[in-house]
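The chain contents come next:
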Amino acid sequence: MQLIRQQLYKSQQQEVRYKKRIATLTTILRALKQKNLLSLEELDIVENFSELNKTLLNGQIRKTKKLRIPRLYAPELRRFALTLHYYSPRAYNYVRKQLNNCLPHAKTLSTWYTSVEGEPGINSAALEMIKRHVKNASYQLIGTLMFDEMAIRQHLEYSSDVTYGHVDFGQNVENDILLAREALVFCVVCINVNWKIPIAYYLINGITHYIQSLQLQLSSNESVKLLDLKKLGFLGFLISIQSLLTSFEEICQKEYILTYIPTYKFSQDHIEMLFSVIRSHGGYNNNPTVKQFKSAFRKILIHDELSTPSTGNCIPLEEIPILNVSSKKNNRCS
């Protein structure tokens, strides 16, 4: 017991000495500047390091001195790691190796993703994030709800006793044995603040099959008559025009929340650009499987640095970032 106490005391004293020896980057720069050991150009480069570069440099120094990396990763490093891994896991592993393993392990990133659900249906984490922004805003927020289908590959996969690929309408809903060939995604775009967020998706076998599966019945004897799908295109134009006029009357003329309606926020381009981000998962995948789509949807809710590819169907006229859900409770390294 006495020996253990002595070893513990020595370890504590050694840690104190290490902390005294390690100077911060600011202290080092101040000393180099006073001794004129750096030129003005070199000093300007080092002083203008981003927070990410400073964090990586500090990690390299600690690795060289064989010291432990802090258990909590800096937000800048976390964003960089998540974004790079989203676009290419192989590139991430290569960069991590070149940086002397200063980036989190891929398994650590997986634990961060587990804080957000990614199953079909309404996403509670996304709704909670919208509620938080509405509560913190000093003025009334207005948003548009839009939806569209994204083609996915009809493919059946098995992983850890879980089957991926069938039609799925979310929890507490009887699903079909048909293979899903589209993902019906719902997205909220805020009109008077620049953000958007996907709030739900359903795996369907075509929009016609989805509408029929809703089984819209008012009672056992009275049912809703669905319109011919061939007429929905023209009907959609009429509904959109009337909705825009009604929105202007309510928002601008009655409530005086806005002076004008930013019609670009009503555009379907936003959800199309969201699809482009999903397809860029892992490099580029124009036809993801159900499992790949679920993975991309979950990761999108955590990222805040994903940009819209320039090769998609739509070009962004203004930058509207995807609202991200925090995963700080799983932000520790493993």
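Residues numbered from 1 in each chain as written. Predicted model: local features only at pLDDT ≥ 70, side-chain atom pairs only at ≥ 80, totals over all residues. Heavy atoms only, no water.

Trainee: Please clarify how the overall build of the chain should be interpreted in this entry.
Mentor: Within the chain, the regular secondary structure consists of 12 helices and six strands. Here the analysis covers contacts within the chain between residues at least 6 apart in sequence; of these, 71% occur between residues at least 24 apart. In the form shown here, the chain has an accessible surface area of approximately 21500 Å², with 53% of it arising from carbon and sulfur atoms. (Helix = DSSP H or I, 4+ residues; strand = E, 2+ residues; numbered from the N terminus. Contact = heavy atoms within 4.5 Å. Areas by Shrake-Rupley, 256 points an atom, 1.4 Å probe, with all protein chains shown as cover.)

Trainee: Hey, could you run me through unusual backbone geometry in this one?
Mentor: Leaving glycine out, the prevailing phi sign among residues is negative, and the prevailing peptide bond configuration is trans. Its identity is not glycine, yet N101 carries a phi of approximately 60°, on the positive side. Here N101 lies in the loop between α6 (89-98) and α7 (106-113). The phi torsion at Y256 lies on the positive side, around 55°, for a residue other than glycine. The topology assignment puts Y256 in the loop between α10 (232-254) and α11 (269-279). Its relative accessible area of 65% is what places Y256 among the exposed residues. (Buried < 20%, exposed > 50% of the residue type's maximum accessible area, 1.4 Å probe, protein only.)

Trainee: I'm lost on the packing of helix α5 (residues 75-87) against α6 in this one. Help?
Mentor: A pair of packed helices is characterised by two quantities: the angle between their axes and the separation of those axes. Contact geometry for α5 and α6: axes closest at 5 Å, N-to-C directions at 135°. It follows from the interaxial angle that α5 and α6 lie oblique. Facing α5, whose interface residues are A81, L84, H85 and Y87, α6 presents P89, A91, Y92 and V95. Split by residue class, the contact of α5 with α6 holds seven nonpolar, one polar and no charged. (Axes fitted to C-alpha atoms, helices over the stretch in contact; angles between N-to-C directions. Parallel < 35°, antiparallel > 145°, perpendicular 65-115°, else oblique. Nonpolar A, V, L, I, M, F, W, Y, C, P; charged D, E, K, R; others polar.)

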